[in-house]
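Topology and contacts: notes
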Amino acid sequence: MARMRVVDAIVQILAKEGVTVTFGIPGAAINGLYSALKADGRIGHILARHGEAQSHMAEGYTRAKVGNIGVCLGTSGPAGTDMITGMYSAMADSLPILCITGQVPTPKLDKEDFQGVDIASIAAPVTKYAKTVLEPAQIPGIFQKAFYLMREGRPGPVLIDLPGDVQTAEIDFDVDAYEPIEVHKPVASDAQVTRLIDLIASAERPVLLAGGGVIQSDGSDALVDLAETLGVPVVSTLMGWGAIPDDHVLSQGMAGIQTSQQYANATLLASDLVVGIGNRWANRMTGDLSVFREGRKFVHVDVEPSQIGRVFAPDLGIVSDAKALIVKLADKAREYKEAGKLADWGVWAKECDVRKATMQRKTAFENVPLKPQRVYQAMNEAFGRDTRYVTTIGLSQIQAAQLLHVYKHHHWLDAGQAGPLGWTIPAAIGACVADPDTPTVALSGDFDFNFLIEELAVAAQFNIPWVHVLVNNAYLGLIRQSQRAFDMDYCVQLSFENINSPETEGYGVDYVKVAEGLGCKAIRVRKPEDLVPAFKRARETA
């Protein structure tokens, strides 16, 4: 067994667990780990410009592919507190990311040392596990536990905090004897699957509701097979968008009170059974529960037991990995179909198709200034079926979900529950690092774009290409809408006369100049007829 520094053992463990790249910012309290990364040479590193951004890069990296775990690194004190928003966002959307922070030496803990903060206690509510390591010999076991917890059950983030003296301590470690802990996912029993198929068979207007768990479990293809076997429509949640292609004959859009299609909501409300798989019954999807629940039965399938009944009690709750349940249910459906125990829901499916064909929103506006609907129409025309979209909260997210089209799983990356502004740019960086071959288009309003705009320099430095569509209304648009309840339009205007850029015509910040100053190309578009040519030019440039 070799004798080595703790940080050298950590790098070997990261490599054994499948880590190939990290996102971070070096600092005095984490330089020990950076020295091990440099010496080993197998794990790449993307240098962020802000501590919060590196955590969102890790999120984007995780979200882009099944099995990915994004890793971010930071020094003591503010680096860890900066990452808290990323941990919260990952926890809210059930995403595994590993945040590693430096810490003051153990003798200095609890002595108000410079940048010495109890980051593990701060991070505990927004992680599955947060640990300041005090004993060097525990390092292998703690990292083993961390990776296990990130993958097990409902996935989520972990924080490991490393005091400086722990990093440089020596331990005996044999990486060949280290193995990742095998994760066992719960699987629905045969009795549960039979109960579920009987509920479906007795329904007149059943709907499958695809949540983010379908995509995270790599169950999208299995879901399409299930839908085709049953012949019933599929409605998606915000996080489940892409589980079935938008143009599939059984795809009936996204339900919700904001991020939604009208026909999807109409179909869901016309149903008499909703089979929710890997979803949370989020309030932005359900709206008023009394309306949402009236007149229909509900099945809820989730890998996390505490999620069943958390929002309301379903008629049937099943704790299971989403993909495992879908595969077993499809097999049982084929068995029932061959035995003549399933109805033909063709008439119901055609009714849904009529709604899909007739309840489309208008987008063909030719106004100047541009209407955002016209922007999304042009995006659908200019960007192909293989495009991945990345966005966070705001009117840009809501209108994108209403008007864009997604055809593949992991091609809609969105900070669904937490919705931190500034998320989009770093998340796009992480996604492009994870999957550089998929064309990526990020979408922001001007306030989201403002928050972590400095990360454009990261893309320029590391040659990370994507197209970023900035829909600039010089307003906190979604906040302005919510202020209507208070009969005000207060402190939400971002417009001003820019004395250095009169060409912005009162819109304030000159984002073209800012992007160019950070090393990127930029195009300003004012007329509808210029949108598609600009998007195509941007795509070719990226």
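As shown above, the structure is provided for reference.
The sections below set out a description of the structure shown in this document. (Residues numbered from 1 in each chain as written. Predicted model: local features only at pLDDT ≥ 70, side-chain atom pairs only at ≥ 80, totals over all residues. Heavy atoms only, no water.)

Axis separation between helix α3 (residues 51-64) and helix α18 (residues 424-434) bottoms out at 6 Å; the angle between their running directions is 45°. Relative to α18, α3 is oriented oblique. Note that α3 runs across α18; the crossing there is right-handed. Taking contact as the criterion, the partners of A53, H56, M57, G60, Y61 and A64 in α3 are, on α18, P426, A427, I429, G430, A431, V433 and A434. Of the residues belonging to the contact of α3 with α18, the class tally is 10 nonpolar, three polar and no charged. (Axes fitted to C-alpha atoms, helices over the stretch in contact; angles between N-to-C directions. Helix = DSSP H or I, 4+ residues; strand = E, 2+ residues; numbered from the N terminus. Parallel < 35°, antiparallel > 145°, perpendicular 65-115°, else oblique. Left-handed = near helix turned anticlockwise from the far one by under 90°. Contact = heavy atoms within 4.5 Å. Nonpolar A, V, L, I, M, F, W, Y, C, P; charged D, E, K, R; others polar.)

The biggest cluster of nonpolar side chains holds 53 residues, and the ones touching the most others in it are L196, L208 and L230. Here this core gets seven residues from one element, more than from any other, and that element is helix α14 (residues 322-338). Ignoring sequence-local partners within four residues, the contact set of L230 consists of I197, I200, L208, A333, L342 and W345. C72, A123, I425 and F449 belong to the second-largest nonpolar core, a separate cluster that totals 43 residues. (Core = buried A, V, L, I, M, F, W, Y, C linked by side-chain atoms within 4.5 Å. Buried < 20%, exposed > 50% of the residue type's maximum accessible area, 1.4 Å probe, protein only.)

For the rest of this paragraph, the subject is the packing of helix α11 (residues 262-270) against helix α15 (residues 346-358). Two elements in contact, α11 and α15, have axes separated by 9 Å at closest approach and are oriented at 150°. One way to sum up the angle between α11 and α15 is to call them roughly antiparallel. As α11 runs across α15, the sense of the crossing is right-handed. Judged by residue contacts, Y263, A266, T267 and A270 of α11 engage W348, C352, R355 and K356 from α15. When the residues that make up the contact of α11 with α15 are grouped by side-chain class, the tally is five nonpolar, one polar and two charged.

Here the focus is the environment of A203. Of note, A203 is situated in the loop between α8 (190-202) and β9 (206-210). Along the chain, A203 and L273 lie 70 residues apart, while their C-alpha atoms are 6.3 Å from each other. When near neighbours in sequence (up to four residues on either side) are disregarded, A203 contacts D272, L273 and W345.

Counting buried residues along strand β7 (residues 158-163), six of its six residues qualify, which places the element largely inside the surrounding structure. Bridge count between strand β5 (residues 97-103) and β7: six bridges; the pairing is parallel. Within β7, the position partnered with G102 by the bridge is L162. Pairing of strand β6 (residues 129-132) with β7 involves four bridges; the strand directions are parallel. The residue bridging Y129 from the neighbouring strand is V158, located in β7. Chirality of the crossover, the property in question, places the unit of β6, helix α6 (residues 139-151) and β7 among those that are right-handed. (Pairing = 2+ DSSP bridges. Right-handed = clockwise from strand over helix to strand, strands pointing away.)

Read these as layout, nothing more, since geometry by itself doesn't imply function.
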